[in-house]
Amino acid sequence: MNFYSPVLLAVEDACRERNIALSFLAMGPTDNVTQQVIQHSPDALLCVGFIEPEIMAELRKMPLPIVLIDHAIPGMCSINPDNYQGSMMLTHHLIKQGRRRIAFLAGSLAHYSIRQRERGYRQALFDAGMLISPQYEVTAPALTELTLSLEYALDELMSLPEPPDAVFCYNDAAAMVTLNYCQKNGLNVPEDIAVVGFDDIELSSHITPALTTLSIDKEALGKRAVEQLVAPCGVENILLPVQLVLRASS
């Protein structure tokens, strides 16, 4: 089960409790956004995950309440996990474990959550007085195949004169690719290198080694979003706490 599945299930449950009819709509940049939305005749919109700016511009033209989940845009209501504080906790954990060359493996920094996670990583290093070369921050290139993209970025990290002794991956899926990469290249986790993720998706506790990560209350994200549409609290960006989950990968 991926990150968004339990979020959407929670949205569905919250709507059912309130006798709200829910319909799902997946859209891409080439779609006729207005036409597709009108076909559903909605009273409100919940936008989940990263939404391309072109799509969001069209949605904002509609006279409908909008709440964002796992995304944030100034002036719009959003529900997010506390990515910034969570990343600080995770990076501080790696520092306490004696890691001194901590890399950050990012996906697209266009995504609000990934930007906040990178900011938290940087702040934790700053708080610890650790000056790490920008070479230890890499962004996976925008390739069609995600695994190939992440491995390309990992090649870049591992070819450094002093390779990282820990990799903070922007989410658990990226961390699992990193664990496989380490295994294929003869690196023992966590003896040679620690690997940590973010999101605590279901599979993260069942792999070997089990993944250190940040747990997000995905059900709460979905429920709070529906509550915001039904009875707005006036807060623009609601942040839900996250929990550090320590496992064998670090």
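Criteria and cut-off values
Residues numbered from 1 in each chain as written. Predicted model: local features only at pLDDT ≥ 70, side-chain atom pairs only at ≥ 80, totals over all residues. Heavy atoms only, no water. Core = buried A, V, L, I, M, F, W, Y, C linked by side-chain atoms within 4.5 Å. Buried < 20%, exposed > 50% of the residue type's maximum accessible area, 1.4 Å probe, protein only. Helix = DSSP H or I, 4+ residues; strand = E, 2+ residues; numbered from the N terminus. Contact = heavy atoms within 4.5 Å. Axes fitted to C-alpha atoms, helices over the stretch in contact; angles between N-to-C directions. Parallel < 35°, antiparallel > 145°, perpendicular 65-115°, else oblique. Left-handed = near helix turned anticlockwise from the far one by under 90°. Nonpolar A, V, L, I, M, F, W, Y, C, P; charged D, E, K, R; others polar. Disulfide = S-S within 2.5 Å. Pairing = 2+ DSSP bridges. Right-handed = clockwise from strand over helix to strand, strands pointing away. Phe/Tyr/Trp six-rings, centres within 6.5 Å; stacked < 30°, edge-to-face > 60°.

Novice: With reference to specific residues and values, describe the nonpolar core.
Specialist: Core analysis: the largest hydrophobic core is formed by 61 residues, its most contacted members being Ile102, Leu105, Tyr121, Val195 and Leu221. Here this core gets seven residues from one element, more than from any other, and that element is helix H7 (residues 172–184). Apart from residues lying up to four places away in sequence, leucine 105 is in contact with Val138, Leu150, Ala153, Leu154, Val167, Phe168, Cys169, Tyr170 and Thr178. Judged by nonpolar contacts, the second largest core, of 14 residues, contains Ile51, Met56, Met62 and Ile73.

Novice: Could you give an account of the packing of helix H6 (residues 146–158) against H7, naming the residues involved and the relevant values?
Specialist: The axes of two packed helices give the description: the angle between them and the distance between them. In the contact formed by H6 and H7, the axes pass within 10 Å of each other and the chain directions differ by 60°. Between H6 and H7, the angle falls in the class oblique. The two elements H6 and H7 cross, and the hand of that crossing is right-handed. Contact residues: Thr147, Leu150, Glu151, Leu154, Asp155 and Met158 in H6; Ala174, Val177, Thr178, Tyr181 and Lys184 in H7. Its residues assigned to classes, the contact of H6 with H7 shows six nonpolar, two polar and three charged.

Novice: Give a detailed account of the state of the cysteines, specifying residues and quantitative values.
Specialist: Summed over all chains, the structure comprises zero disulfides. Cysteine cysteine 182 remains unbridged, with the sulfur of cysteine 169 as its closest cysteine sulfur at 8.4 Å.

Novice: Got a sec to walk through the pairing of strand S4 (residues 102–106)? Specific residues and values, please.
Specialist: Residues in a regular strand project their side chains so that they alternate between the two faces of the sheet. Counting buried positions along S4 yields five of five residues, so the element is predominantly enclosed. Of the two faces of S4, both are covered, the one formed by Ile102, Phe104 and Ala106 as well as the one formed by Ala103 and Leu105. Inspection of the sheet shows S4 paired to strand S6 (residues 166–169) by four bridges, in the parallel sense. Each residue of the ladder has a partner; that of alanine 103, found in S6, is valine 167. One ladder, built from three bridges, connects S4 with strand S5 (residues 137–139); its direction is parallel. By the bridge assignment for S5, phenylalanine 104 is matched with glutamate 137. Remark: the S4/helix H5 (residues 112–127)/S5 crossover connection has right-handed handedness.

Novice: Before we move on, can you summarise the packing of aromatic side chains with the specific residues and values?
Specialist: Per the counting criterion, the structure on display carries four aromatic pairs. Geometrically, the ring pair formed by phenylalanine 3 and tyrosine 4 is edge-to-face, given 5.0 Å between the ring centres and 85° between the ring planes. By relative accessible area, phenylalanine 3 is classed as buried at 8%. Since its relative accessible area comes to 26%, tyrosine 4 is described here as partly exposed. Note on phenylalanine 104 and phenylalanine 168: the rings are 5.1 Å apart at their centroids and 65° apart in plane angle, and the pair reads as edge-to-face. In this pair, phenylalanine 104 sits in strand S4 while phenylalanine 168 sits in strand S6, placing the two residues 64 residues apart along the sequence.

Novice: Outline the sheet that holds strand S2 (residues 66–69), supporting the account with residue identities and numerical values.
Specialist: Sheets are built from strands that pair by backbone hydrogen bonding, the pairs being arranged parallel or antiparallel. Strand order across the open sheet formed by four strands is S1-S2-S3-S9, with parallel pairing between neighbours. Looking at strand neighbours, the two that pair on one side only are strand S1 (45–48) and strand S9 (237–240), the edges of this open sheet. The mean inter-strand angle of the sheet, taken between neighbouring strand axes irrespective of direction, is 20°. Pairing of S1 with S2 involves four bridges; the strand directions are parallel. Each residue of the ladder has a partner; that of leucine 45, found in S2, is isoleucine 66.

Novice: How would you summarise the pairing of strand S3 (residues 77–81) if you had to cite specific residues and measurements?
Specialist: Buried residues dominate S3, accounting for five of its five residues. Along S3, one buried face is formed by Cys77, Ile79 and Pro81 and the opposite face, lined by Ser78 and Asn80, is buried too. The pairing of S2 with S3 spans three bridges and is classified as parallel. Bridged to leucine 68 within S3 is serine 78. The pairing of S3 with S9 spans four bridges and is classified as parallel. Bridge pairing in S9 links isoleucine 79 to isoleucine 238.

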